[in-house]
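A structural walkthrough
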Amino acid sequence: MDLDRSSVWGSLKQKTRPLLQNFNIKRTKKSSRKMVDRRQRHSLDRRLSVSVPDILESESFTDEETTYSGLQALSTYIPSTLSSSVMSLKSSSTSLKRAGEDLQWRQQEAVHTEINIIETETELRSAEPADRQRLRELGLFSLQKRRVGGDAPGEPDHPCEGIDLESSMSSQLFDEQIALEEGNDCLSSLPSSFAYLLTIHLKEGRNLVIRDRCGTSDPYVKFKLNGKTLYKSKVIYKNLNPVWDETVVLPIQTLDQKLRVKVYDRDLASSDFMGSAFVVLSNLELNRTTEQILKLEDPNSLEDDMGEIVLNLSLTVKQGDFKRTRWSNQKKQTSSKSSFLRNVRLSESMRKNEIWNGIVTITLLEGKNIPGGGMTQIFVLLKLGDQKYKSKTLCKSANPQWREQFDFHYFSDRKDMLDIEVWGEDNKKHEELLGMCKVDITALPSKQTNVLELPVEKHLGSLLMLIAVTPCSGVSISDLCVCPLGDPSERKQISQRYCIKNSLQDMKDIGFLQVKVLKAVDLLAADFSGKSDPFCVLELGNDRLQTHTIYKNLNPEWNKVFTFPIKDIHDVLEVTVFDEDGDKPPDFLGKVAIPLLSIRNGQQCCYTLKNKDLELASKGVVCLELDVLFNPVKASIRTFKPREKRFIGDNRKFSKKILSRNVDRVKKITMAIWNTIQFLRSCFLWESTLRSVVAFVVFVVTVWHIELYMVPLALLLLFVYNFSLITTGKVSSAQDTQESEKKGLIERIHMVQDIVITVQNILEEIASFGERIKNTFNWTVPFLSVLACLVLTAATVILYFIPLRYIVLIWGINKFTKKLRNPYAIDSNELLDFLSRVPSDVQKVQRAELKPYSSSSPLRKKWSTL
């Protein structure tokens, strides 16, 4: 076919040829400038682990390796063909000129070819079917023919076959240059992927100005960028030293901006200005949290000191929203750009895996001279970066005793400070910051326990605690080909570490877990395109690692190996599959929980994913291969120590489903206890003569011969009995089936109403029982208190002269023979019958006598005026 004849394609080609030449020259210059600027960017200095090759050491898009194939990253690496070409060009000036001319011609033709393909595809989509066929015949066939080199006989297999060596090398140099230019163009088309995320932790304000008549203010903070309000904090009422403790993440496109921080006083009509400050974003360091104390100013105010705002700022590289970009530009991207995007996503997702290389163990012992104020309870919050712990809540005391231990992950490349805050809480659940202190973890000596008595800021009190920084090993991420337990020598070394003879060494190192995350099959489609971008998160206690993201795939294959140190053999490995959604929170696809003691070493298992509650099946299967090695002696000793506390997460919200489930659980336990009581009662009532006779004989023999060692022996026999039932198959281990039928709105309302009434009655019975015991000893009813004293006196004399064994035997014989002696006797419980006569606190108020109103009573005066 002749492409130069009068046609749509030919006319388009002639008109756009001069424009394309100018565009190509500008594009080359722009690409070179972008490459120089990109070298000067800050690189992420964040190492994964000592045991894993550092994937960030070879910086993305800087001078390292480049290949013109699938998984490549742009850089300024010079290929071997280029060095050979340079040597050849130096040796022959004539060949250099010819190569330059050939390079210019090939450069124009390559750009023309790329643009022509895109324009032809656009023509094909918009044209009618007949025109589409004609365009295919005129354009695409010839373009494919030109690219491949032609299939017609007599044409050479390669278009450059007739060119000499220098020209061939120059064309290879041109190919490498085109690859770099395409990568640069891909970078420029994705501005969001190379923007930043600014994490702001708004902590507190100090000595703010007064804006209300009552001598206080109701401050809140606004963060502005380019005149737009990006975030507004909550209002702290009537406080000049407010504590917000809020965290927000803001996307930042460029660093040549100023973040404005403005403080206002909340009023009903309008807000009064309380001062402002700014932060220069270009002065912030990447991946480092810095504390900023901003002094507020107002040029229109006569006040010299308007207070300060304290906040922490952390600047990180933004994880780009590639979904939207790929969806909008999917038809415009070439194959090289798509491979480049996949490589960028892979590197970005790997940066999410921050592997810790140490453990900070903090033992909170006690407080000294802690001010309580009007608070009734006190607790401590400990923060290290994003990790947060909350101590147990104690009653207000000047010297509270906590005696708790917390473990934080330590990252050597971070400079996070340990923030310790003492909080108080009153009866109305209002919280107030009583004091705070900070510790620089990097300044503490490692591998030893440091005893610190930390003074509390703004107060005379102090906190006594132990802090130890110890190195952590066993955390890694690798490929299948380099898994730790795959090497026989390394597996033998790890097995020897946890053998019986090393049971008394390093008691915290319980075991070693290796997880091979192979693949997932038939996942749920979370995107509009019918696909998902799945990644897998592994959690063991507070330890958390994740895989990279596989884009646009419902059957991803990760083929990654994760290793964890085991702190408690009773922990549960949770594997959750998410769908990446750019800057938005990821979508949940499924979850599975695997107890460590149920792992079968070396076996590839496929686990059906469940919903968030781990009750019902979800769509999809995840394939894992697990290996666990542990020391049984260390694990047994660890079982009798407190479990590791979990990091502070989101507060649980009210759920009628969980409430209904918990009520059903309590009902099952209550029914089991009730059935046992009814069985014993039937023995006393002689409902079955044989059963009552056997029970009577067993009771008499047991009470007559009982010793203290028989109590654990009886419990041991109970274990043996239940084990025999399980081995014989008489007890089914199947899970209870959940009710799947949907209930209507009226049924749900009645269900919630019944549950609330049940809980109300149970709470009333428990409260009344405790109050009646208290009122018995408080002489609320003197007659009942005197009667209780007489009974206790008689019981003391009887127990002094008669052994307990005989008393229990007499009580049992009386119970068993009561029905025989009096068939119509009413069964009763003397102790409960006595307590039922004692009034509870509510009944005391109801039965209390009101005093008559006097003539000076305010209420009587009010009625008299009416």
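To keep things clear, this report deals only with the structure shown in the data block.

Moving on, we get to the overall build of the chain. When helices and strands are tallied, the chain shows 18 helices and 26 strands. Looking at the chain residue by residue over its 866 residues, the buried ones come to 38%. In the chain, 66% of the contacts between residues at least 6 apart in sequence involve partners at least 24 apart. Summing over all exposed atoms, the chain offers an accessible surface of approximately 52600 Å²; the carbon and sulfur share of this is 57%.

Residues Trp-704, Val-797, Ile-798, Tyr-800, Phe-801, Ile-802, Tyr-806 and Ile-810 make up a contiguous nonpolar surface patch of about 900 Å² in total accessible area. Of all the elements in the fold, those that place two or more residues in the nonpolar patch are α14 (782-801) and α15 (804-821). The element contributing the most residues to the nonpolar patch is α14, with four residues. When you line up the elements, Trp-704 lands in helix α11 (residues 689-705). A residue is classified by how much of its surface remains accessible, and Trp-704, at 44% relative accessible area, is partly exposed.

With respect to the helices and strands, Ser-478 occurs in strand β18 (residues 476-479). Given the relative accessible area of 12%, Ser-478 is considered buried. Not counting residues up to four positions away in its chain, the partners in contact with Ser-478 are Cys-483, Pro-484, Lys-560 and Val-561.

With that out of the way, let us pick up the pairing of strand β25 (residues 604-610). Here six bridges tie β25 to strand β26 (residues 617-630), and the two strands are oriented antiparallel to one another. Note that in β26 the partner of Lys-610 across the bridge is Ala-617. Where β25 folds back onto β26 in an antiparallel hairpin, the turn is made up of six residues, including Leu-614, whose phi is positive at roughly 60 degrees.

Bringing the sheet that holds strand β4 (residues 243-252) into the picture now. With antiparallel pairing, the four strands of this open sheet are ordered in space as β4-β1-β8-β7. The sheet terminates laterally at β4 and β7 (289-295), the two strands that pair on one side only. Taken pair by pair, the neighbouring strands of this sheet meet at an average axis angle of 25 degrees, ignoring direction. Where strand β1 (residues 196-206) meets strand β8 (residues 308-317), ten bridges bridge the pair, whose relative direction is antiparallel. When the sheet's bridge partners are listed, Glu-204 is paired in β8 with Val-310.

With that out of the way, let us pick up the sheet that holds strand β5 (residues 258-265). The antiparallel open sheet is built from four strands, whose spatial order is β3-β2-β5-β6. Strand pairing shows two members of the sheet lacking a second neighbour, β3 (228-232) and β6 (272-280), which therefore form its edges. In this sheet, neighbouring strand axes are inclined to one another by 30 degrees on average, regardless of whether the strands run parallel or antiparallel.

Considering all chains together, one arrives at 25 salt bridges under this definition. With a shortest N-O distance of 2.5 Å, Lys-560 and Asp-479 are connected by a salt bridge. Of this pair, Lys-560 sits in strand β22 (residues 557-566) while Asp-479 sits in strand β18, and the two are 81 residues apart along the sequence. Residue Lys-560 is classed as buried on the basis of its relative accessible area of 14%. The network of salt bridges with shared partners includes Lys-203, Glu-291, Asp-419 and Lys-438.

A word on the environment of Trp-356. Examined against the element boundaries, Trp-356 turns out to sit in the loop between α7 (335-351) and β9 (358-368). By relative accessible area, Trp-356 is classed as buried at 4%. A sequence separation of 120 residues divides Trp-356 from Ser-476, and the C-alpha atoms of the two residues are 9.4 Å apart. For Trp-356, the residues in contact, after removing those within four places along its chain, are His-409, Tyr-410, Phe-411, Cys-472, Val-475, Asp-543, Arg-544 and Leu-545.

Applying the stated criterion across every chain yields a total of 14 aromatic pairs. Each ring, one from Phe-223 and one from Tyr-231, has its centre 6.3 Å from the other, and the planes form 35 degrees; the classification is tilted. Residue Phe-223 is classed as buried on the basis of its relative accessible area of 1%. Take Tyr-231: its relative accessible area is 22%, and that puts it in the partly exposed class. Relative to Phe-816, the ring of Phe-684 lies with its centre 4.8 Å away and its plane at 80 degrees, an arrangement referred to as edge-to-face. Here Phe-684, found in helix α10 (residues 656-684), pairs with Phe-816, found in helix α15; they are 132 residues apart in sequence, far enough to count as distant.

This part covers helix α9 (residues 632-639). Looking at α9, one finds that the buried residues are Lys-634, Ala-635 and Arg-638. All buried residues of α9 project into a common sector of 100 degrees when viewed along the axis, lining one side. A distance of 2.9 Å separates the backbone nitrogen of Val-633 from a side-chain oxygen at the start of α9, and that oxygen is part of Asn-631.

Parameters at a glance
- Residues numbered from 1 in each chain as written.
- Predicted model: local features only at pLDDT ≥ 70, side-chain atom pairs only at ≥ 80, totals over all residues.
- Heavy atoms only, no water.
- Helix = DSSP H or I, 4+ residues; strand = E, 2+ residues; numbered from the N terminus.
- Buried < 20%, exposed > 50% of the residue type's maximum accessible area, 1.4 Å probe, protein only.
- Contact = heavy atoms within 4.5 Å.
- Areas by Shrake-Rupley, 256 points an atom, 1.4 Å probe, with all protein chains shown as cover.
- Patch = residues over 30% accessible without salt bridge, like charges linked within 9 Å, V, L, I, M, F, W, Y side chains within 5 Å.
- Salt bridge = Lys/Arg side-chain N within 4 Å of Asp/Glu carboxyl O.
- Pairing = 2+ DSSP bridges.
- Axes fitted to C-alpha atoms, helices over the stretch in contact; angles between N-to-C directions.
- Phe/Tyr/Trp six-rings, centres within 6.5 Å; stacked < 30°, edge-to-face > 60°.
- Arc of directions from axis to C-beta.
- Polar contact = N/O pair within 3.5 Å; in protein donor to acceptor, adjacent residues only side chain to side chain.

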